[in-house]
Amino acid sequence: NVIFLDPDLLVQADISGILSDSYIKMSHGRLSIEQALGRVLPEEQIIHGKKAFNSGVVVLNSNLLRLADPEKIYSDCIKYTNLFWDTLVFPDQAILSFVLYKNQIPIDLLDWKYNSTIMGRKNFWDSKIIHSVGGKSKFWNNGITNLMFNEWNRNHQKWLDLGGKDFTGPRYYWKIRSYSKK
C-alpha cells in the first residue's frame with residue numbers, strides 16, 4: 001500500500017486501519033467532477049453526476065498495477081491538466097477523479113475519520129486525520145485553526161529545527177468584536 005497525504009493534514013492517531021485490499025480509496029469531495037473541472041463535458045457520459053473525490057488522503061494498493069497501466073494514468077493526468085488548466089477549480093481532485101473514472105478504476109470510499117475537516121462536522125475531534133481544507137483555514141495561516149490544533153505547532157517547530165522554512169504568506173484571523181455599554 002502507498003498512502004498519499006496532503007501537506008495540510010494533521011495525523012491525530014494510528015492510521016494503520018486505512019490499509020486495505022481496495023485498488024484505491026479516497027473520500028468524496030463536495031463538488032461534482034464537472035464543477036471541480038470548471039466545465040461541462042457532454043461527451044464524457046461516465047462522469048455526469050459523479051462527485052469528485054477529495055485527494056487529501058489517497059490509499060493505493062499494489063493490486064492497482066494489475067488493473068491499470070500506471071504510465072497511462074500518469075500521462076492522462078498530465079494531458080488533462082494541460083487541456084483543462086484554464087478552468088480548473090480544484091486541480092488535483094478534478095483531474096485525478098476524471099482520469100480514474102475515465103479509465104474505469106473502481107474507487108472505494110475512505111471512512112470520514114481518515115480525512116475529516118473541521119467545517120460542518122461535530123465529531124471531528126474523533127478523527128484520525130484532520131484536513132484543514134480551504135485557502136484561509138490552514139493550520140499555518142489561520143489564527144483559530146492554529147490555536148485549536150497545538151500539535152501542528154509542535155510538529156512545525158520540529159520542521160524549523162531541521163532547517164525547514166516558515167510560512168511567510170498572509171495570515172487570517174477571525175475578528176472578535178467587543179461591545180461596551182454606553
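Residues numbered from 1 in each chain as written. Predicted model: local features only at pLDDT ≥ 70, side-chain atom pairs only at ≥ 80, totals over all residues. Heavy atoms only, no water.

**Structural notes on the overall build of the protein chain**
Here is step 1 of the chain: The number of helices and strands found in the protein chain is six helices and six strands.
Here is step 2 of the chain: For the protein chain, the C-alpha atoms occupy an extent of roughly 65 × 40 × 35 Å along the three principal directions.
Here is step 3 of the chain: Counting all 182 residues of the protein chain, 41% fall into the buried class.
Here is step 4 of the chain: Intrachain contacts of the protein chain at a sequence separation of at least 6 include 68% that bridge at least 24 residues.
Here is step 5 of the chain: As displayed, the protein chain offers around 11,500 Å² of accessible surface, 55% of which is attributable to carbon and sulfur atoms.
Here is step 6 of the chain: Mean positive and mean negative side-chain charge positions of the protein chain (23 and 18 charges, respectively) differ by 11 Å. (Helix = DSSP H or I, 4+ residues; strand = E, 2+ residues; numbered from the N terminus. Buried < 20%, exposed > 50% of the residue type's maximum accessible area, 1.4 Å probe, protein only. Contact = heavy atoms within 4.5 Å. Areas by Shrake-Rupley, 256 points an atom, 1.4 Å probe, with all protein chains shown as cover. Lys, Arg positive; Asp, Glu negative; His and termini not counted. Charge placed at Lys NZ, Arg CZ, Asp CG, Glu CD.)

**Notes on the environment of Asp-86**
Here is step 1 of the chain: If you trace the backbone, Asp-86 turns up in the loop between helix H3 (70-84) and helix H4 (91-102).
Here is step 2 of the chain: As a C-alpha pair, Asp-86 and Ser-20 span 66 residues in sequence and 36 Å in three-dimensional space.

**Side note on helix H6 (residues 150-161)**
Here is step 1 of the chain: For H6, spanning 12 residues, the distance from its first C-alpha to its last is 17 Å, which sits close to the expected 16 Å at 1.5 Å a residue.
Here is step 2 of the chain: Downstream of H6 by a residue or two, Gly-163 has a phi angle that is positive, lying close to 100°. (Expected span 1.5 Å × (residues − 1).)

**Re the pattern of salt bridges**
Here is step 1 of the chain: According to the stated counting rule, one finds three salt bridges in the structure shown.
Here is step 2 of the chain: Put simply, Asp-76 and Lys-72 hold a salt bridge, and the shortest N to O gap is 2.8 Å. Highlighted residues: Asp-76 and Lys-72, both in helix H3, separated by four residues, approximately one helical turn.
Here is step 3 of the chain: Residue Asp-76 is classed as buried on the basis of its relative accessible area of 7%. (Salt bridge = Lys/Arg side-chain N within 4 Å of Asp/Glu carboxyl O.)

**Comments concerning the confidence of the model for the protein chain**
Low pLDDT means the predicted atomic positions in that stretch should not be read closely.
Here is step 1 of the chain: Residues of the protein chain with pLDDT of at least 70 account for 93%, and the chain-wide mean is 86.
Here is step 2 of the chain: Element-level mean pLDDT values for the protein chain span from 83 in helix H5 (residues 143-148) up to 95 in H3.
Here is step 3 of the chain: Of the regions scoring below 50 in pLDDT, residues 175-182 engages in zero contacts with residues more than four places distant in sequence or in other chains. (pLDDT = per-residue confidence, 0-100.)

**Some points on the pairing of strand E4 (residues 51-60)**
Here is step 1 of the chain: Across the 10 residues that make up E4, a large majority, eight, are buried.
Here is step 2 of the chain: Pairing between strand E1 (residues 2-5) and E4: four bridges, direction antiparallel. Within the sheet, the bridge partner assigned to Phe-4 lies in E4 and is Val-58. (Pairing = 2+ DSSP bridges.)

**A closer look at the sheet that holds E1**
Here is step 1 of the chain: Across the sheet, four strands lie side by side as E1-E4-E3-E5; this open sheet has mixed pairing. Since the sheet does not close on itself, it has two edges, and those belong to E1 and strand E5 (108-109), each with one partner.
Here is step 2 of the chain: Direction of pairing for strand E3 (residues 24-32) relative to E5: parallel, over a ladder of two bridges. What sits directly across from Lys-25, in E5, is Asp-108.

**Some remarks on the packing of H3 against H4**
Pairs of packed helices are described in terms of their axes, by the angle between the two and the distance that separates them.
Here is step 1 of the chain: Closest axis-to-axis distance for the H3/H4 pair is 9 Å, and the angle between their directions is 125°. If you check the angle between H3 and H4, you find them oblique. Considering only the axes of H3 and H4, their crossing is right-handed. Residue-level inspection shows Ile-73, Asp-76, Cys-77, Tyr-80, Thr-81 and Phe-84 of H3 in contact with H4, the latter providing Ile-95, Leu-96, Phe-98, Val-99 and Lys-102.
Here is step 2 of the chain: Grouping the amino acids of the contact of H3 with H4 by side-chain chemistry returns eight nonpolar, one polar and two charged. (Axes fitted to C-alpha atoms, helices over the stretch in contact; angles between N-to-C directions. Parallel < 35°, antiparallel > 145°, perpendicular 65-115°, else oblique. Left-handed = near helix turned anticlockwise from the far one by under 90°. Nonpolar A, V, L, I, M, F, W, Y, C, P; charged D, E, K, R; others polar.)

**Quick notes on unusual backbone geometry**
Here is step 1 of the chain: One non-glycine residue with positive phi stands out, namely Gln-104, at about 55°.
Here is step 2 of the chain: Following the sequence through the fold, Gln-104 ends up in the loop between H4 and E5.

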